[in-house]
Amino acid sequence: MSKIISVTGNHSASWAARTAIPAVIAAYPITPQTTIVEKIAEFVENGELKSEYVRVESEHSAMAACIGASALGLRTFTATSSHGLALMHEMLHWAGRSRLPIVMPVVNRSLGPPWNIWSDHTDTMSQRDTGWIQLYASNNQEVYDTVLMLFRLCEDPKVLLPGMVALDAYILSHTFTSIEVYEHDEITDFLPSYEAGHWKLDPKDPMATGNIAGPEYYYELSYAIHEGFEAARKLIPKVEADFKKHFGRDHGQFINEYHCDDAEVILIALGTMGEEAQLAVDELRNEGVAAGSARLRVFRPFPAEQIQALAKKAKAFVVIDRSLSYGHLGGAATEIRSALYRGGQTIPVQGVIAGLGGRDVRHTDIKKMFKIGFDVADKGEAKPDIFYGLKR
Amino acid sequence: MDLFEIRFHGRGGQGAVTGAKILGDATRLEGKHFQAFAHYGAERRGAPVMAFTRVADEAIRIHSYIYEPEAIVVLDETLLENPTVKAGLKDGIFLVVNTPRLPGEIKLPVKAKIATVDATKIALDEGILVAGIAVVNTIMLGAVVRATNIASIESVKKAIRKGLEGLPDKVIETNVEAAQRAYNELNMGYSL
């Protein structure tokens, strides 16, 4: 029977693994992800989770072990954060290009130096092009639910891609809330066991993978990965609808909209800031101001059409990024402007950088960003990107 | 109910985070939503630490820090002069302190509702010690719910039993009884 438990965001991820029963889990601990894998090790040790738990000496090896396991056609899981994710980088490409449906929660943490263990999205944004599906969660229940949805999505024969769900360090990873969890038997209608239908390594039927493909083949294989993302794009609404049918919850598919239909200014943010933005909208609506918020939940495949449709509703966007591509912009603002240009739309997009390295961003701050957005809507032109709260 | 936010002040190793979580669980048993979290920095045993419980009737969409709590719980009275305890004070705030002193003996620059209990004595009486040091986190929860009415003592007892699951039954029941003692022995400088 399903039950309500009080857990951190990290343990929400551990419980999702417990529910999905990956055949193989290989992971290396890193603050603030450590408690995800500690809890999983405890589940395995107690016999509550029948997974093969592989201890490794680094994140690069963790992902290499996951690639090996997934190539055997087995459901595979890991978790990491920040420098651990950065160390995996080479293997992330290997997993993506091998079309292996590995599922991985990533606790969003800044990169050093200087050492900082708090929330920052630059770690996952830096992995944009590795061929991984990428989602951002805004609460502990969503972390749990998204892991289950990702297994279903990633393991689909038309998709066959690895997927990561990002969760904000401490804000979710170490914050207790109550969530609903299920036993494995209760989810098998939604998430059947994984059968690799494409290719798999089998000692009884030996084959090789990862061979040389010259210029006459490589391009087509890259396009096939792109097609996998397009298949994922089609499947995400279906998976989410099916999840809702089974468990009664959904998290908004690509973009979780809040009072957007009649909004003059829509503020877009990821993760927990995207959820807290709703409070700023509530306050502004009480003051008679037509504000709306949109939490960008799926980052890859990027929901360009949904962004274009959202732009038809508003006079201006404000986009908050908890990440910075030095010398350019925040990760989400870049993508949103690109999507709008492609759609022939010209509403101003005000970029705001905020919350780097765990700097607290409150709904009262977000309200101030909305005020800037209304000014931008009036003038019809965005200001240079704003570094909100920067001390100089 | 609007948000009710509680800030715990303790020292590293005193179990402030566990206390904040068990309190959250007690409110959940009464149908509330909660978050419990710590202020993460460079924690070490003995250093001042803070933990927080945020309670509401509806699902909680705030994820930023707590700046102006409705209640402050001080597990170690030597922290009373610490600037972090004085941060975000407002009139009507509850202050629940582990001290042998009476509420009238504690001064704050705002109109606070002050309650005190000698939780350290209770811990020593009941033998709730870790490495020879009195542990007051669960004991203080009995005081907190009496002082603020944020949950019933029955829910606190259930939440303690759940939160300490895995420890010997005798240890758990001692903690439960100690929380009831703190509830009974609370000195309140105001009436609810």
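Residues numbered from 1 in each chain as written. Chains lettered and ligands numbered in written order. Predicted model: local features only at pLDDT ≥ 70, side-chain atom pairs only at ≥ 80, totals over all residues. Heavy atoms only, no water.

Where do I start with the overall build of chain A in this structure?
Of the regular secondary structure elements, chain A holds 12 helices and 16 strands. For 392 residues, the compact-globule formula gives about 21 Å, and the C-alpha radius of gyration of chain A, at 21 Å, lands near that figure. The C-alpha extent of chain A, read off along each of the three principal axes, is 70 × 55 × 45 Å. A fraction of 81% describes how many contacts in chain A between residues 6 or more apart in sequence connect residues 24 or more apart. In the structure as shown, chain A presents an accessible area of about 16,100 Å², 54% of it carried by carbon and sulfur atoms. Here chain A contributes 39 positive and 49 negative side-chain charges, whose respective centroids are spaced 3 Å apart. (Helix = DSSP H or I, 4+ residues; strand = E, 2+ residues; numbered from the N terminus. Rg over C-alpha atoms; globule rule 2.2 N^0.38 Å. Contact = heavy atoms within 4.5 Å. Areas by Shrake-Rupley, 256 points an atom, 1.4 Å probe, with all protein chains shown as cover. Lys, Arg positive; Asp, Glu negative; His and termini not counted. Charge placed at Lys NZ, Arg CZ, Asp CG, Glu CD.)

Could you clarify how one ought to interpret the packing of helix H4 (residues 137-148) of chain B against helix H6 (residues 169-185) of chain B in this entry?
Packed helix pairs are specified by the crossing angle of their axes together with the interaxial distance, meaning the distance between the axes. All names here are of chain B. Taken N-terminus to C-terminus, the directions of H4 and H6 make an angle of 35°; their axes are 7 Å apart at the nearest point. Crossing handedness for the pair H4 and H6: right-handed. Contact residues: H4 offers Thr138, Ile139, Gly142, Ala143, Val145 and Arg146, while H6 offers Asn175, Ala178, Ala179, Ala182, Tyr183 and Asn184. Among the residues making up the contact of H4 with H6, the classes are represented as seven nonpolar, four polar and one charged. (Axes fitted to C-alpha atoms, helices over the stretch in contact; angles between N-to-C directions. Left-handed = near helix turned anticlockwise from the far one by under 90°. Nonpolar A, V, L, I, M, F, W, Y, C, P; charged D, E, K, R; others polar.)

Please explain the pairing of strand S11 (residues 265-269) of chain A as it appears in this structure.
Moving residue by residue along a regular strand, the side chains alternate between the two faces of the sheet. Residues and elements named next belong to chain A. Where burial is concerned, most of S11 is hidden: five out of the five residues are buried. Residues Val265, Leu267 and Ala269 line one face of S11 and the alternating positions Ile266 and Ile268 line the opposite face, and both faces are buried. Of the strand pairs in this sheet, S11 and strand S12 (residues 291-296) are connected by five bridges, and their pairing is parallel. Looking at the pairing, Ala269 lines up with Arg295 of S12. In this fold, the crossover linking S11 to S12 by way of helix H9 (residues 271-286) has right-handed handedness. Both S11 and strand S14 (residues 316-321) contribute to a ladder of four bridges, which runs parallel. (Buried < 20%, exposed > 50% of the residue type's maximum accessible area, 1.4 Å probe, protein only. Pairing = 2+ DSSP bridges. Right-handed = clockwise from strand over helix to strand, strands pointing away.)

Explain the interface of chain A and chain B to me, please; I cannot follow it from the model alone.
As a measure of interface size, the accessible area lost when the parts come together is often cited. Facing the 24 residues of chain A at the interface are 17 residues of chain B. Surface buried jointly by chain A and chain B totals about 1,900 Å² across both partners, of which 56% is contributed by carbon and sulfur atoms. It is Ser6(A), Phe176(A) and Asp360(A) that lose the most area in chain A upon contact with chain B, and together they represent 28% of the buried surface on that side. The tally of links between chain A and chain B comes to one salt bridge. The salt bridge involving Arg61(B) is made with Asp282(A); its shortest N-O contact spans 2.7 Å. On inspection of chain A and its partner chain B, the count reaches 12 residue pairs in polar contact (both at pLDDT 80 or more). Secondary-structure elements contributing two or more residues to the side of chain A that touches chain B are strand S1 (3-7), strand S9 (177-181) and H9 of chain A. It is H9(A) that provides the largest number of residues to the side of chain A that touches chain B, a total of six residues. The residue makeup of the side of chain A that touches chain B, split by class, is nine nonpolar, 10 polar and five charged. (Buried area = accessible area lost by both parts, 1.4 Å probe. Salt bridge = Lys/Arg side-chain N within 4 Å of Asp/Glu carboxyl O. Polar contact = N/O pair within 3.5 Å; in protein donor to acceptor, adjacent residues only side chain to side chain.)

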